[in-house]
There are 2 protein chains.
Amino acid sequence: MSLAIGVDLGGTNLRSAVVDPHTFALIEHDKERVGEPRDVDSIVERVASAVERHAARSTGPVTVGIGLAAMLKDRRGNVANSPHLRWNEVPFGQLLATRLGSRFAVGVYNDVNAIVWGEAVAGSGRGSRDVLGVYVGTGIGGGIIAGGQLVEGATNCAGEIGHVKVRWDEAALTCACGQRGCVEAYVGGIYVQQRITEELTAGAKSTAIELAGGIANVNPGHVDAAAAGGDEWALGLWGELAPLLAIALGNAVSLLNPERLVLGGGLLGRAPTLYDLVLTSLPLVATKASMDALTVVHATLEDDAGLVGAAALAARGVSLIQ
Amino acid sequence: MSLAIGVDLGGTNLRSAVVDPHTFALIEHDKERVGEPRDVDSIVERVASAVERHAARSTGPVTVGIGLAAMLKDRRGNVANSPHLRWNEVPFGQLLATRLGSRFAVGVYNDVNAIVWGEAVAGSGRGSRDVLGVYVGTGIGGGIIAGGQLVEGATNCAGEIGHVKVRWDEAALTCACGQRGCVEAYVGGIYVQQRITEELTAGAKSTAIELAGGIANVNPGHVDAAAAGGDEWALGLWGELAPLLAIALGNAVSLLNPERLVLGGGLLGRAPTLYDLVLTSLPLVATKASMDALTVVHATLEDDAGLVGAAALAARGVSLIQ
């Protein structure tokens, strides 16, 4: 039996853990800041050192799963780009596998895919073979499990629900990805925050300003509370954004017929009114047959989901490099 | 080695064949009209008789795959409804399996899923583990293969790309499914034909009328030829419909990251100008990463795809009832 290690490498933290491959409990757990330098050689060395510390508890084979905040381009851990790590066209997987050596089998996964897999095996998707997970935080990311298998796609970039187009008129907003009308450009946290600040600064009246103690402090949580209290501007904004997210989610549900839709991420977590509005719109979008099969649940594993999911994917043998 | 039999049960024809499970060639092949009566007991008897005739060539075990023009509700061949067969809530799979007996292992699949699987193993998707197949005929149907597995979904109704919503404004058209804004309500062949006739009858000028020899004869093929010749009305109509289909296709491509997008069906087959316009719009919708991985191909197996796919799915052991 291999030792199962999970790594979650984001823009801020490098977390690593030994994970029980049956219960998915964290047996030991480390967390450090990514900091600088963050060129690929330095990060490979940092990840390898963390993995080796954990691996010292046994002498047998080790599987290492890494959830990476990056756009991958294949199942060998080649990274197309990672804004968080400032990487472009980096052979991360091969470098790490070579550095670690033959005792270690390495799998590199998109961070959201790892998170959704974690929820599916040990969180709110447990027991379901067909899961769609969508995280609405600063951006919007997704992961798909179909028939008990992670849907990686031809080049390991499936699940990009944040860049599904929900507007294609002349006025459709431009997304950081360079395309127009992406749902992320409307409902991604960075864009929502920007729009809140802009509209209030431009003179929109809202009780959210008092709730926050000033325009500069208003965040989506305050807007959500204002909407819950009947604030006209807040309800107008949520009333525009909720259907756009529901379109992206509902169309994916029609396509995939999942048993569970796992929703997570900072924005939805802080905005229960928005969340409820999205769920209200969902049956107008998804087919009746797909809605009949669907249960919508909150993500439950929080920060551990990525670690657990990456370790579990690697332990299962998904896309191992060696 | 089991004998592999495929059945394609539509609203018009009942086709059946013995299929070579390695080359997917049709070894023997029958076709009869469905006709009347088409209550489930009569049809079960008809299908069973056809299967038994084919099965007489061996004495060993038989796998039977049936592609059915129906909305399924599970992997046991329970049918939610089939407008073509006028069935509602019918336990087709269990009735057929019981009638055939223990020598026969039966799998019941949605017809478009069977067709896409057929293209994936023996047609234009061959060699790809990640395939999205979309058929634009009288309606619009789809099938998804991810990581070499058919995506059936929790209740076997995945792939419903025809009911993805592409409009949600006040004027969004109502679809036969009862919901509004489905891509099928715009680009499904029945709706396109209806709209052509209505607009020309209402006085729209188009060279399509001369090409067809009168308004009553104008079909999408004539409109396509007119558009190719620069006809303003035809280009206007295609210019509205092509982006809507591209939105549905491109968003699915972003989500699934397929290696091949197989396009088929009567409407796209007769409308090469529309087809080209759809492909032109696709890169504005799908993410760059998913487009980089994608090849768009025409379906090639025509009427045999469903037979071959159903036989191949059953031979593979997908969702067998006994």
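In this report, the structure presented in the accompanying data block is examined.

Reading the values: the criteria
- Residues numbered from 1 in each chain as written.
- Chains lettered and ligands numbered in written order.
- Predicted model: local features only at pLDDT ≥ 70, side-chain atom pairs only at ≥ 80, totals over all residues.
- Heavy atoms only, no water.
- Contact = heavy atoms within 4.5 Å.
- Buried area = accessible area lost by both parts, 1.4 Å probe.
- Salt bridge = Lys/Arg side-chain N within 4 Å of Asp/Glu carboxyl O.
- Polar contact = N/O pair within 3.5 Å; in protein donor to acceptor, adjacent residues only side chain to side chain.
- Helix = DSSP H or I, 4+ residues; strand = E, 2+ residues; numbered from the N terminus.
- Nonpolar A, V, L, I, M, F, W, Y, C, P; charged D, E, K, R; others polar.
- Least-squares fit on C-alpha atoms with pLDDT ≥ 70 in both.
- Pairing = 2+ DSSP bridges.
- Axes fitted to C-alpha atoms, helices over the stretch in contact; angles between N-to-C directions.
- Parallel < 35°, antiparallel > 145°, perpendicular 65-115°, else oblique.
- Left-handed = near helix turned anticlockwise from the far one by under 90°.

Describing the interface of chain A and chain B
No. 1: Across the contact, 43 residues belong to chain A and 43 residues belong to chain B.
No. 2: Together, the buried faces of chain A and chain B total about 3,100 Å²; carbon and sulfur atoms form 62% of this surface.
No. 3: Of all residues in chain A, Trp168, Leu255 and Asn257 of chain A give up the largest surface area on contact with chain B, accounting jointly for 21% of the area buried on that side.
No. 4: Our count for the chain A to chain B interface comes out at two salt bridges.
No. 5: One salt bridge connects Asp130 of chain B with Arg75 of chain A, and the closest N-O pair in it is separated by 3.8 Å.
No. 6: Counting the contacts that link chain A with chain B gives 18 residue pairs in polar contact (both at pLDDT 80 or more).
No. 7: Elements with a contribution of two residues or more to the side of chain A that touches chain B: strand S10 (140-146), helix H8 (232-256), helix H10 (272-285) and helix H11 (288-292) of chain A.
No. 8: Here the side of chain A that touches chain B is built from residues that sort into 23 nonpolar, 13 polar and seven charged.

Observations regarding the relation of the copies chain A and chain B
No. 1: If you rotate chain A by 180 degrees and push it 0.0 Å along the axis, it lands on chain B with an RMSD of 0.1 Å. A rotation of that kind, with that shift, is consistent with a two-fold axis.
No. 2: When the interface residues of chain A are mapped onto chain B, 100% of them are again interface residues, pointing to one common binding face.

Points about the sheet that holds strand S4 (residues 62-68) of chain A
Residue and element names in this part refer to chain A.
No. 1: Within the open sheet, the five strands sit side by side as S3-S2-S1-S4-S8. Their pairing is mixed. Each edge of the open sheet carries a strand with a single partner, namely strand S3 (26-33) and strand S8 (104-110). Neighbour-to-neighbour, the strand axes of this sheet turn through a mean angle of 15 degrees, independent of strand direction.
No. 2: Two strands pair when backbone bridges link them, and strand S1 (residues 3-9) and strand S2 (residues 13-19) are joined in this way by five bridges, in the antiparallel orientation.

Overview of the packing of helix H1 (residues 40-55) of chain B against helix H2 (residues 92-100) of chain B
Residue and element names in this part refer to chain B.
No. 1: At a minimum axis distance of 10 Å, the contact between H1 and H2 shows a crossing angle of 45 degrees. Taken together, the axes of H1 and H2 are oblique relative to one another. Taken as a pair, H1 and H2 cross one another with a handedness that is right-handed. Residues Val40, Asp41, Val44, Glu45, Val47, Ala48, Ser49, Val51 and Glu52 of H1 touch H2, and the partners they reach there are Phe92, Leu95, Leu96, Arg99 and Leu100.
No. 2: Counted by class, the contact of H1 with H2 contains nine nonpolar, one polar and four charged residues.

Overview of the pattern of salt bridges
Side chains that differ in sign of charge can pair as their charged atoms come close.
Residues and elements named next belong to chain B.
No. 1: Across all of its chains, the model carries 32 salt bridges over all chains by this definition.
No. 2: Glu32 serves as the salt-bridge partner of Arg46, at 3.1 Å between the closest nitrogen and oxygen. You can see Arg46 sitting in helix H1 and its partner Glu32 sitting in strand S3 (residues 26-33), a full 14 residues away along the chain.
No. 3: Between Arg75 and Glu152 there is a salt bridge, with the nearest N and O atoms lying 2.9 Å from each other. Linking Arg75 in the loop between strand S5 (71-72) and strand S6 (79-82) with Glu152 in the loop between strand S11 (149-150) and helix H4 (184-187), this pair joins segments that are 77 residues apart in sequence.

Worth remembering: the numbers are spatial, not functional.
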